[in-house]
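Here are the chains, one letter per residue:
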Amino acid sequence: LLVNSSKTSQVEAAEIVKTQLETLGIDVKLEVVDSTAYNAKISNKYSENRINYEAAIMSFTNAGMSMGAGLGSIYVDKWHPVQGACQVSNNTFRDIINEMNAASTTEEYLIAAEKLQKYYESDCPLLPLYWDETVYAVNSGFKDVPVDLNMGINNVRVWSSDALK
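Here the structure is a predicted model, which means the values were calculated and not measured.

Caption draft 1: How the structure looks around the nonpolar core. Core analysis: the biggest nonpolar cluster contains 13 residues, and Phe93, Met100, Leu116 and Tyr119 have the highest contact counts within it. Elements supplying a minimum of two residues to this core: helix H6 (91-102) and helix H7 (106-123). At five residues, H7 tops the list of elements feeding residues into this core. Tyr119 has contacts with Val88, Asn90, Thr92, Phe93, Ile96 and Cys124, leaving out every residue within four places of it along the chain. Residues Leu1, Val3, Val11 and Ala14 belong to the second largest nonpolar core, which totals seven residues.

Caption draft 2: Focus on the pattern of salt bridges. Throughout the structure, instances matching the rule amount to five salt bridges. The residue Lys18 makes a salt bridge to Glu22 at a minimum N-O spacing of 2.5 Å. Here Glu22 and Lys18 lie together in helix H1 (residues 8-23), a separation of four residues that amounts to about one turn. A residue is classified by how much of its surface remains accessible, and Lys18, at 22% relative accessible area, is partly exposed. Residue Lys115 pairs with Glu99 through a salt bridge whose shortest N-O separation is 3.0 Å.

Caption draft 3: Layout of the environment of Tyr109. Its place among the elements puts Tyr109 in helix H7. With 10 residues separating them in the primary sequence, Tyr109 and Glu99 have C-alpha atoms 7.7 Å apart. Those residues within four positions of Tyr109 in sequence are excluded, and the remaining contacts are Ala69, Gly70, Leu71, Met100 and Ala103. At a separation of 2.6 Å, a polar atom in the side chain of Tyr109 contacts the main-chain carbonyl oxygen of Ala69.

Caption draft 4: Here's a closer look at H6. Taking 1.5 Å per residue as the helical rise, H6 with its 12 residues ought to reach 16 Å, and the 16 Å between its terminal C-alpha atoms agrees with that figure. What H6 keeps buried is the set Phe93, Ile96, Ile97 and Met100. Considered in projection along H6, the buried side chains sweep an arc of 100° and stay on one side of the axis. Exposed and oriented more than 90 degrees from the buried face of H6 are Asn91, Asp95 and Ala102. On its buried side, H6 packs onto helix H5 (73-76) and H7.

Caption draft 5: Geometry of the environment of Asn44. Locating Asn44 in the fold gives a position in helix H3 (residues 44-47). Accessibility expressed as a relative area gives 3% for Asn44, which makes it buried. Sequence spacing of Asn44 and His80 is 36 residues, and the spatial spacing of their C-alpha atoms is 7.3 Å.

Definitions and limits used
- Residues numbered from 1 in each chain as written.
- Predicted model: local features only at pLDDT ≥ 70, side-chain atom pairs only at ≥ 80, totals over all residues.
- Heavy atoms only, no water.
- Core = buried A, V, L, I, M, F, W, Y, C linked by side-chain atoms within 4.5 Å.
- Buried < 20%, exposed > 50% of the residue type's maximum accessible area, 1.4 Å probe, protein only.
- Helix = DSSP H or I, 4+ residues; strand = E, 2+ residues; numbered from the N terminus.
- Contact = heavy atoms within 4.5 Å.
- Salt bridge = Lys/Arg side-chain N within 4 Å of Asp/Glu carboxyl O.
- Polar contact = N/O pair within 3.5 Å; in protein donor to acceptor, adjacent residues only side chain to side chain.
- Expected span 1.5 Å × (residues − 1).
- Arc of directions from axis to C-beta.

So this is what it looks like as structure tokens:
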């Protein structure tokens, strides 16, 4: 299980994953490496398209999750010029990504996005352990809260709106 030594919380997460999997009888070897070695193993950009690992603890950003076709596709897509960590390149995945990119309405995008979610569910190229350390307080009294694709409800449009009053 590859992990970046400079990210303390990720090293801790890797240790928890290792412990949990070993209780199920699965032997896990932690490979804790510095940032340069880590990036050279998980990123198309830094590995010259020679990604080399079996499993890794990674951090995905809000911006990255919405880039390209969205829904984390840049991290999954083998052909993404920078990311591509999951190295998925089959035709089913490519067809869905092309459909998402070609969508000209929100409805078309949502239909294709649902296909991608189902693809992730059936093919499982990644396992999200948790999302950041961001916690949003939500109340049923909030009405018409403007959501930002990168920052969720934590954005300037919310702060300056009447939605939270």
